[in-house]
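One-letter residues, chain by chain:
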Amino acid sequence: MATGRTHRPATRSRGIPEATVARLPLYLRALTALSERSVPTVSSEELAAAAGVNSAKLRKDFSYLGSYGTRGVGYDVEYLVYQISRELGLTQDWPVVIVGIGNLGAALANYGGFASRGFRVAALIDADPAMAGKPVAGIPVQHTDELEKIIDDNGVSIGVIATPAGAAQQVCERLVAAGVTSILNFAPTVLSVPDGVDVRKVDLSIELQILAFHEQRKAGEEAEAQADAALEAEAGAAAAAAGKSGKGPDGDVPAVMPA
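None of the values given here were measured: they were computed from a predicted structure. (Residues numbered from 1 in each chain as written. Predicted model: local features only at pLDDT ≥ 70, side-chain atom pairs only at ≥ 80, totals over all residues. Heavy atoms only, no water.)

(A) Structural detail: the overall build of the protein. What the protein contains, in helices and strands, is 9 helices and 9 strands. Scored against the burial criterion, the 259 residues of the protein give a buried share of 35%. Taking as baseline every contact in the protein between residues at least 6 positions apart, the subset at least 24 positions apart corresponds to 57%. Accessible surface, the protein as shown: approximately 15300 Å² in total, 57% of it carbon and sulfur. (Helix = DSSP H or I, 4+ residues; strand = E, 2+ residues; numbered from the N terminus. Buried < 20%, exposed > 50% of the residue type's maximum accessible area, 1.4 Å probe, protein only. Contact = heavy atoms within 4.5 Å. Areas by Shrake-Rupley, 256 points an atom, 1.4 Å probe, with all protein chains shown as cover.)

(B) Structural detail: the pattern of salt bridges. Taken as a whole, this structure holds 7 salt bridges when the rule is applied. In this structure, Arg120 and Asp93 form a salt bridge, with 3.1 Å as the shortest nitrogen-oxygen distance. With Arg120 in strand β4 (residues 119–126) and Asp93 in the loop between α4 (77–88) and β3 (94–99), this pair connects stretches of sequence that are 27 residues apart. For Arg120, a relative accessible area of 33% corresponds to the partly exposed category. (Salt bridge = Lys/Arg side-chain N within 4 Å of Asp/Glu carboxyl O.)

(C) Expanded view of the environment of Asp76. Locating Asp76 in the fold gives a position in strand β2 (residues 75–76). Residues in contact with Asp76, not counting those within four places in the same chain, are Pro40 and Thr41. Among the polar contacts listed, one links the side chain of Asp76 to the backbone nitrogen of Glu78, at a separation of 3.2 Å. (Polar contact = N/O pair within 3.5 Å; in protein donor to acceptor, adjacent residues only side chain to side chain.)

(D) Spotlight on the pairing of β4. Here β4 lies mainly inside the structure; 6 of its 8 residues are buried. Inspection of the sheet shows β3 paired to β4 by 6 bridges, in the parallel sense. What sits directly across from Val96, in β4, is Val121. With 3 bridges connecting them, β4 and strand β6 (residues 139–143) associate as parallel partners. (Pairing = 2+ DSSP bridges.)

(E) Spotlight on helix α7 (residues 147–154). All buried positions along α7 are accounted for by Leu147, Ile150 and Ile151. Along α7, the residues classed as buried sweep out an arc of 95 degrees about the axis, all on the same side. Exposed and facing more than 90 degrees away from the buried side of α7 are Lys149, Asp152 and Asp153. Residues of α7 that are buried in the fold lie against β3, β4, β6 and α8 (165–177). Of the residues trailing α7, Gly155 is marked for its positive phi of about 60 degrees. (Arc of directions from axis to C-beta.)

(F) Representation of unusual backbone geometry. The phi dihedral of Ser38 is positive, around 60 degrees, even though this residue is not glycine. Positionally, Ser38 belongs in the loop between α1 (18–36) and β1 (41–42). In this structure Ser38 comes out as exposed when scored by relative accessible area, which is 63%. Positive phi, close to 55 degrees, is recorded for Ala137, a residue that is not glycine. Within the element layout of this structure, Ala137 appears in the loop between β5 (135–136) and β6.

(G) View of the packing of α1 against helix α3 (residues 55–65). Packing of α1 against α3 brings their axes to within 11 Å, and their N-to-C directions diverge by 105 degrees. Put simply, α1 runs roughly perpendicular to α3. Where α1 abuts α3, its residues Thr20, Arg23, Leu24 and Tyr27 lie against Lys57, Leu58, Asp61, Phe62, Tyr64 and Leu65. (Axes fitted to C-alpha atoms, helices over the stretch in contact; angles between N-to-C directions. Parallel < 35°, antiparallel > 145°, perpendicular 65-115°, else oblique.)

What follows is the structure in structure tokens.
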């Protein structure tokens, strides 16, 4: 079985922009859902809507893959699933280690979507000796003392860090020294890595803070709109009262001058 150590995606060598690469998983998710419903073809507009992008951007992205669809028919769903999976390197086995088996690490270990997307959790690793040997998601946790051996034995090139922030950099350095060249970081800290090592950071607290900003802005806009509406209503009421009294807004000049 092929491993992640010896086979790597060719996206960069083929000149596919990073922004396009970042959208390929969105297309694949939408296409997989269509495939599961036995939908044979899909238009660029339908697929773009399902992936949350505009159709012109989708067609441009697919042009980098050499897929242009058929006018009046659309894209072949199964072929696109294969093509994007191949481009992302998901037609092979990618062994992954998860370091830090606290609540988050355990949740990641129990996530059922890894296997169906080309990733195999090869090992779960934690620094707590009390965790050693305990099964999580059917996989026994191993101590960090075994980290380098585990990576070498399993040909691991992707590591997931779910440790506290204070331990993340040291874990990162050990992973890199052992041959890991791609890291998914859930720890709330920025990792320093050498050239040739890719890091993707997932920070749930930052995402929530961004959402809080948008909620605050929406609340402010709503309050401003309500204040404007109240002022308009007050002005309308004043104008109506002035019309009934035959005086202008200043209370002295008649609203309608006699002929």
